[in-house]
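Below are the chains, spelled out letter by letter.
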Protein chains: 2
Amino acid sequence: MRAVILAAGQGYRIRLLSKGKPKCLIRLLGLTILERIVYACRAAGVREFLIVLGFEGEKIRRFLGDGSRQGVKITYLPCPHWEKGNGVSLHAAKRHIRRGEKFLVLMSDHLVQPELLQRFVEEAADCPHSLMAYDDRMSELPNANEATKVRIGSRGDILKVGKGLRRYQGADCGVFAFTPLIFKCLEEAFAISRFTLSDGLDFLIRRRAIRGFHIGNFYWQDIDSRFDLSIARYKILSRLNTGKEGWVSRVINRRFSNQITKRLINYNITPNMVSISSFLVAIVSAILFIVKMPFSAGLIAQFSSILDGVDGELARAKFHVSPFGGYMDSILDRYADLFLIFGMSAYVYSRQPTGTVLLISFIALMGAPMSMLCKEKFYSAFGVPFIPDQMDGWTRHLPANRDGRLFIIMVSGILDQVLYGLLALGIITNFQTLYRLFSVKRMKLKTTD
Amino acid sequence: MRAVILAAGQGYRIRLLSKGKPKCLIRLLGLTILERIVYACRAAGVREFLIVLGFEGEKIRRFLGDGSRQGVKITYLPCPHWEKGNGVSLHAAKRHIRRGEKFLVLMSDHLVQPELLQRFVEEAADCPHSLMAYDDRMSELPNANEATKVRIGSRGDILKVGKGLRRYQGADCGVFAFTPLIFKCLEEAFAISRFTLSDGLDFLIRRRAIRGFHIGNFYWQDIDSRFDLSIARYKILSRLNTGKEGWVSRVINRRFSNQITKRLINYNITPNMVSISSFLVAIVSAILFIVKMPFSAGLIAQFSSILDGVDGELARAKFHVSPFGGYMDSILDRYADLFLIFGMSAYVYSRQPTGTVLLISFIALMGAPMSMLCKEKFYSAFGVPFIPDQMDGWTRHLPANRDGRLFIIMVSGILDQVLYGLLALGIITNFQTLYRLFSVKRMKLKTTD
């Protein structure tokens, strides 16, 4: 499905902030609003864009170019009479839309979560009519008064749209999928001197040719003010974590990693650079253990753990997620773990050169890669991802994930109880592996019953 | 698709061997011929069977039961007049076949490779007519003279079937998919006192309602004699290896593992028992290293490597392949590797207690799980399996796979050069991991170009 982005408007209220640039070129966490919209569409499978230009349109064209940098194709449609209303802007796309083509329409100042677009595109492809997204969380909207309200019929069709509606079920999110019928409706509105998209919608509604799409808990936001921008910044940052992290990561690391991500995002630093930095910081920690500075080693290990969260956050914030990035990060993390345990072992052994120390070190080394191995092998053997919350029983509370293991290393370094740290690592990781072996066996018996 | 298996015939020539049992109950590598046919069908997605009984049919029914042990549903159709010909046997299925149902027909004495059936079932589902499999490798057939020959038209339809054909393109494999029209054709043949399936086929051919399916390189075999049985035994054993093994496994281990599999297959030993045995044997080898018996330790390590091939062979030979088996085997193998390296390290360190030895041991330990980790993570990150032959460049010749690593351990133990063994393991495994990281990065750049 192709997308039309309406980027002609001026955005009065925010003009001061945008310094003469169109609103959609304001930067938000390292990317302009318009780039965020394009990337969100790309994540939903959209590869071709028609961007309608009006106010300072050349700046937009110069900034985005033909889209090759974003991995998409962009065509620009200058619209001389855009000031009449956004219906006129949309109408500029008419001659580029093919007969019977269904197309997305988005506003250049409305941020939309990629997952929302993905679901919307799927639904639009199945629906013979036009589709518009609405949000029923009215109390949570920052500017509920100014929102365009939507009244929905019992069968999901749109009955009425307008700012002044008394009875309504939700607010318009500025996300549409239209058939070319919309152009005829816009022309009917133009004929009675009404020029907004809402006016065109009225004629589509009379034909009963548009349905509502309830967005549920997905995020979208109309950016109208400096205040909106800071809310958006907060919302985007709080969505950067996958939810699969361990509790150390959720409770401790995330506070720091979000702050680091927020600062790094404005620089030309790739997630892979951060992964490599996290690895190097772990090596520094291992060396500090070896040269008998366990306190600093422990702190540095925890810093490496925090950085290990930043790469993923940065990748997601910049829509830069790559399979290779995930692959390299995994391999480097395993090496970092092993070097850290080696550093700890060398430290303990230099003070207590006994066979017991070597044995404990060996057991800790052995367990280090097992958590990941179990999960990855599970996926390739059974074809479904391993979900620790469902399959690890009470052992899911053990700090056997990477964030938990590095936390143990930090604590044992700070308290100068490194041998106990090794012992804890060895017991926890190997015990969990054993537990998983048995829980997977049980699970398998259940499915064949 | 359901399958009809014609198991009524007597099998004159092989009667001595089968000791009064129907031919299809002869054991071949731990399973009867009939079980092999049922399991091959199950692997191709067939879950319901109609088995036509004649000669000593009760023995078959008693042996297989309702199929719940095999995870399928079996209905038995006794056919009193089976001796007239196999057309009569097939006709016994008529009242169980639904209107318009397409069904498989197999001979109870024809072994068929599961992959052949899978492809055949797919093709049959797409084809509006009946379908019969033919093999054009006439020179490789053990009893080419006695085979039923098939003449194929230019558009893939069957033109003629019979033992005495002069012009033919291949031999009938005894694998069919029929529409219920076959019953009408059989009845037309019965009316002129002809009672074989071939006679029915003649009438199907006159209606141009049957097409040929070229089986290519797949394996099938008609079991008619003691000699056929020994060929089948050889063919099945030679197909038990996946082809993904390293060269040590292909050149050395397989000879031994095939022999062990051939012997174990007649006992009630599960593949998982063999996996656990292989693990325990590796632990014994590690202990032998620790108690300073490197020669025996090396040999025992190699024996563990051989056993590591037997579990998979046994699983495939008995149609017992399970995701949990693969999962457990992977985890146990990793532990076995680490214990072996620990044993080697302890042995070397007891004679040369230096930091260098510890460092080398650490490097070897670190590399041990990496080969598997790289492959598994690649699969989950990119969604396609890692194919060493394509992606490892010249490093695919390094003995970095498990069979190669255990071979290094054997050689270093036998020659009592265990430190060099550790060094070789550490260098090879870590170097390959590094190589893979760069080769995956290059590959990724290629795909985004």
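Worth saying up front: this structure is predicted, and the values here are computed from it rather than measured.

**What about the packing of helix 9 (residues 247–264) of chain A against helix 11 (residues 294–317) of chain A?**
For any two helices packed against each other, the geometry comes down to the angle between their axes and how far apart the axes lie.
Residue and element names in this part refer to chain A.
Next up, step 1: Where helix 9 contacts helix 11, the two axes come as close as 8 Å, and the packing angle between them is 60°. As judged from the angle between their axes, helix 9 and helix 11 are oblique. Note that helix 9 runs across helix 11; the crossing there is right-handed. Note on element contacts: helix 11 touches helix 9 through Q302, F303, S305, I306, G309, V310, E313 and L314, opposite V248, N253, F256, S257, N258, I260, T261 and L264.
Next up, step 2: Residue composition of the contact of helix 9 with helix 11, grouped by class: 8 nonpolar, 7 polar and 1 charged.

**With respect to the domain arrangement of chain A**
All names here are of chain A.
Next up, step 1: Its domain assignment divides chain A into domain 1 (2–234) and domain 2 (242–448).
Next up, step 2: The interface is formed by 8 residues belonging to domain 1 together with 6 residues belonging to domain 2.
Next up, step 3: Carbon and sulfur atoms supply 69% of the area that domain 1 and domain 2 bury against each other, a total of about 600 Å² over both sides.
Next up, step 4: The largest per-residue losses of area from domain 1 upon contact with domain 2 belong to L29, G30 and R36, which jointly make up 52% of the total buried on that side.

**Re the interface of chain A and chain B**
Next up, step 1: On the side of chain B, 38 residues touch chain A, which itself brings 38 residues to the contact.
Next up, step 2: Contact between chain A and chain B buries roughly 3,900 Å² in total, counting both sides, with carbon and sulfur atoms accounting for 83%.
Next up, step 3: Residue contributions to the side of chain A that touches chain B peak at 13 residues, all from helix 12 (residues 323–351) of chain A.
Next up, step 4: Across the side of chain A that touches chain B, the residue classes tally to 26 nonpolar, 6 polar and 6 charged.

**With respect to helix 7 (residues 197–206) of chain A**
Residues and elements named next belong to chain A.
Next up, step 1: Within helix 7, 7 of the 10 residues are buried, which leaves it mostly tucked inside the rest of the structure.
Next up, step 2: Those residues of helix 7 lying buried are L197, D199, G200, L201, F203, L204 and I205.
Next up, step 3: Two residues or fewer after helix 7 comes R208, characterised by a positive phi angle close to 55°.

**Overview of the pattern of salt bridges**
All names here are of chain A.
Next up, step 1: Scanning the model with the defined rule gives 44 salt bridges over all chains in all.
Next up, step 2: Here D157 ties to R208 by a salt bridge, and the two come within 3.3 Å at their closest N and O atoms. In this pair, D157 is assigned in the loop between strand 9 (149–152) and strand 10 (158–162) and R208 in the loop between helix 7 and strand 12 (210–214), connecting sequence segments 51 residues apart.
Next up, step 3: Given a relative accessible area of 58%, R208 falls into the exposed group.
Next up, step 4: Counted as one network, the salt bridges with shared partners bring together D308, D333, R334, D337, R402 and R405.

**Here we look at unusual backbone geometry**
All names here are of chain B.
Next up, step 1: Phi angles above zero are rare outside glycine, and L29 is one such case at about 50°.
Next up, step 2: With respect to the helices and strands, the residue L29 is situated in the loop between strand 2 (27–28) and strand 3 (31–32).
Next up, step 3: By relative accessible area, which is 6% here, L29 ends up buried.
Next up, step 4: Phi at D416 is positive, roughly 55°, even though this residue is not glycine.
Next up, step 5: Position of D416 relative to the elements: it lies in the loop between helix 16 (402–414) and helix 17 (418–448).

**Focus: the environment of M328 of chain B**
Next up, step 1: Inspection of the secondary structure assignment puts M328 of chain B in helix 12 (residues 323–351).
Next up, step 2: Judged by relative accessible area, M328 of chain B falls into the buried class, the value being 8%.
Next up, step 3: Sequence-wise, M328 of chain B and S275 of chain B are 53 residues apart; in three dimensions their C-alpha atoms are separated by 8.0 Å.
Next up, step 4: Excluding anything up to four places from it in sequence, M328 of chain B contacts L437 of chain A together with N272, S275 and I276 of chain B.

**Some remarks on the nonpolar core**
Next up, step 1: Among the nonpolar cores identified, the biggest contains 94 residues, and I409 of chain A together with I409 of chain B are the most heavily contacted of them.
Next up, step 2: Those residues in contact with I409 of chain A, other than ones at most four positions away along the chain, are F289, G298, A301, L340, M344 and L425 of chain A.

**Section: the packing of aromatic side chains**
Next up, step 1: The final tally for this structure, using the stated rule, is 36 aromatic pairs over all chains.
Next up, step 2: Consider the rings of W394 of chain A and F431 of chain A, whose centres lie 5.8 Å apart with planes at 35°: the pair is tilted. Taken as a pair, W394 of chain A in the loop between helix 15 (388–391) and helix 16 (402–414) and F431 of chain A in helix 17 (residues 418–448) lie far apart in primary sequence, 37 residues in all.
Next up, step 3: The class for W394 of chain A is exposed, based on a relative accessible area of 53%.
Next up, step 4: Summarising the aromatic geometry, the rings of W394 of chain B and Y435 of chain B are spaced 6.3 Å apart at their centres and angled 70° between planes, so their arrangement reads as edge-to-face. With W394 of chain B in the loop between helix 15 (388–391) and helix 16 and Y435 of chain B in helix 17, this residue pair connects regions lying 41 residues apart in the sequence.
Next up, step 5: Classification of Y435 of chain B as buried rests on a relative accessible area of 19%.
Next up, step 6: Within the aromatic cluster, the residues linked to one another by ring pairs are F103, F176, F178 and F183 of chain A.

Calculation criteria
Residues numbered from 1 in each chain as written. Chains lettered and ligands numbered in written order. Predicted model: local features only at pLDDT ≥ 70, side-chain atom pairs only at ≥ 80, totals over all residues. Heavy atoms only, no water. Axes fitted to C-alpha atoms, helices over the stretch in contact; angles between N-to-C directions. Helix = DSSP H or I, 4+ residues; strand = E, 2+ residues; numbered from the N terminus. Parallel < 35°, antiparallel > 145°, perpendicular 65-115°, else oblique. Left-handed = near helix turned anticlockwise from the far one by under 90°. Contact = heavy atoms within 4.5 Å. Nonpolar A, V, L, I, M, F, W, Y, C, P; charged D, E, K, R; others polar. Domains from an automatic or database assignment. Buried area = accessible area lost by both parts, 1.4 Å probe. Buried < 20%, exposed > 50% of the residue type's maximum accessible area, 1.4 Å probe, protein only. Salt bridge = Lys/Arg side-chain N within 4 Å of Asp/Glu carboxyl O. Core = buried A, V, L, I, M, F, W, Y, C linked by side-chain atoms within 4.5 Å. Phe/Tyr/Trp six-rings, centres within 6.5 Å; stacked < 30°, edge-to-face > 60°.

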